[in-house]
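Observations on the model geometry
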Amino acid sequence: MADDPAPASAPLFPFSRFVHREIIVLVILGSVAIAAFLITKGAASSAHAQRRRGAAAWHDRGRAALRDGRIDDALEALGRARALDRDRDAHHLWFATALVQSEQHDAARQVLLGLRAAHPENPHVNLGLAEVAAANGTGEDRVGF
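Some details on the pattern of salt bridges
Applying the stated criterion to the full structure yields six salt bridges. The shortest N-O distance in the salt bridge between Arg52 and Asp85 comes to 3.6 Å. Linking Arg52 in helix α1 (residues 16-67) with Asp85 in the loop between α2 (71-84) and α3 (89-101), this pair joins segments that are 33 residues apart in sequence. Here Asp85 falls in the buried class, since its relative accessible area comes to 3%. In this structure, the salt-bridge partner of Arg88 is Asp85, at a minimum N-O distance of 3.4 Å. For Arg88, a relative accessible area of 40% puts it in the partly exposed group.

Written out as structure tokens, the structure reads:
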């Protein structure tokens, strides 16, 4: 009777129940964190899509106002479109067009220079800068460096 096996009621490791409980808590907390992340990501994506739709609607209103000769309305609408969706170059370009038509050449030039800094090879930006220079009667805004 030198080596009696351990009684059946004694656990193999004294902390196994504690470790088992901690693993379950870890799995639950990880699942909650993943669910919270997915919900937050979905909400952010939805908000971004809504802002883009709003910007597109303001952009369309601004272009229609510009086409009808309502420059002030066009500036307001295109400015809102530009503020809602800063990633679309079209919003900036049309806003600059409205600024040129309202004879705010310096402001249009600043908008276009900001675009050119971000996208130096965009032909529409360079053409817009040339049109602003022509409207001002100066040749200083050449595309060259």
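Comments concerning the side chain of Asp89
Its place among the elements puts Asp89 in helix α3. No salt bridge is formed by the buried Asp89; the nearest opposite charge belongs to Arg88, separated by 9.0 Å. Of the polar contacts made by the side chain of Asp89, one reaches the side chain of His119; its length is 3.4 Å. Contacts of Asp89, omitting those with residues within four sequence positions, involve Leu115, His119 and Asn122.

So, the confidence of the model for the chain
Across the chain, pLDDT averages 85, with 85% of residues at or above 70. Note that pLDDT drops below 50 for residues 141-145; the model gives that stretch seven contacts with residues more than four away or on any other chain.

Details of the environment of Arg63
Inspection of the secondary structure assignment puts Arg63 in helix α1. Between the alpha carbons of Arg63 and Thr97 there is a distance of 9.9 Å; along the sequence they are 34 residues apart. Arg63 has contacts with Leu78 and Trp94, leaving out every residue within four places of it along the chain.

Observations regarding the nonpolar core
Counting residues in each nonpolar core, the largest one holds 18 residues, and the members touching the most others are Leu75, Phe95, Leu99 and Leu112. Take this core: its biggest share by element is five residues, from α3. Those residues within four positions of Leu99 in sequence are excluded, and the remaining contacts are Leu75, Gln104, Ala107, Ala108 and Val111.

A short note on the packing of α2 against α3
Helix packing for two helices is described by the angle between their axes and how far apart those axes are. Where α2 meets α3, the axes come as close as 9 Å, and the angle between the chain directions of the two elements is 155°. In terms of axis orientation, α2 runs roughly antiparallel to α3. Here α2 runs over α3; the crossing is left-handed. Facing α2, whose interface residues are Ile71, Leu75, Leu78, Gly79, Ala81 and Arg82, α3 presents His91, His92, Trp94, Phe95, Ala98, Leu99 and Gln101. Class assignment for the residues of the contact of α2 with α3 results in eight nonpolar, four polar and one charged.

Re the packing of aromatic side chains
Summed over the entire model, instances satisfying the criterion amount to zero aromatic pairs. In this arrangement the basic side chain of Arg61 is found over the ring face of Trp58, its NZ or CZ atom lying 4.5 Å from the centre.

The rules behind the values
Residues numbered from 1 in each chain as written. Predicted model: local features only at pLDDT ≥ 70, side-chain atom pairs only at ≥ 80, totals over all residues. Heavy atoms only, no water. Salt bridge = Lys/Arg side-chain N within 4 Å of Asp/Glu carboxyl O. Helix = DSSP H or I, 4+ residues; strand = E, 2+ residues; numbered from the N terminus. Buried < 20%, exposed > 50% of the residue type's maximum accessible area, 1.4 Å probe, protein only. Lys, Arg positive; Asp, Glu negative; His and termini not counted. Polar contact = N/O pair within 3.5 Å; in protein donor to acceptor, adjacent residues only side chain to side chain. Contact = heavy atoms within 4.5 Å. pLDDT = per-residue confidence, 0-100. Core = buried A, V, L, I, M, F, W, Y, C linked by side-chain atoms within 4.5 Å. Axes fitted to C-alpha atoms, helices over the stretch in contact; angles between N-to-C directions. Parallel < 35°, antiparallel > 145°, perpendicular 65-115°, else oblique. Left-handed = near helix turned anticlockwise from the far one by under 90°. Nonpolar A, V, L, I, M, F, W, Y, C, P; charged D, E, K, R; others polar. Phe/Tyr/Trp six-rings, centres within 6.5 Å; stacked < 30°, edge-to-face > 60°. Lys NZ or Arg CZ within 6 Å of the ring centre and 35° of its normal.

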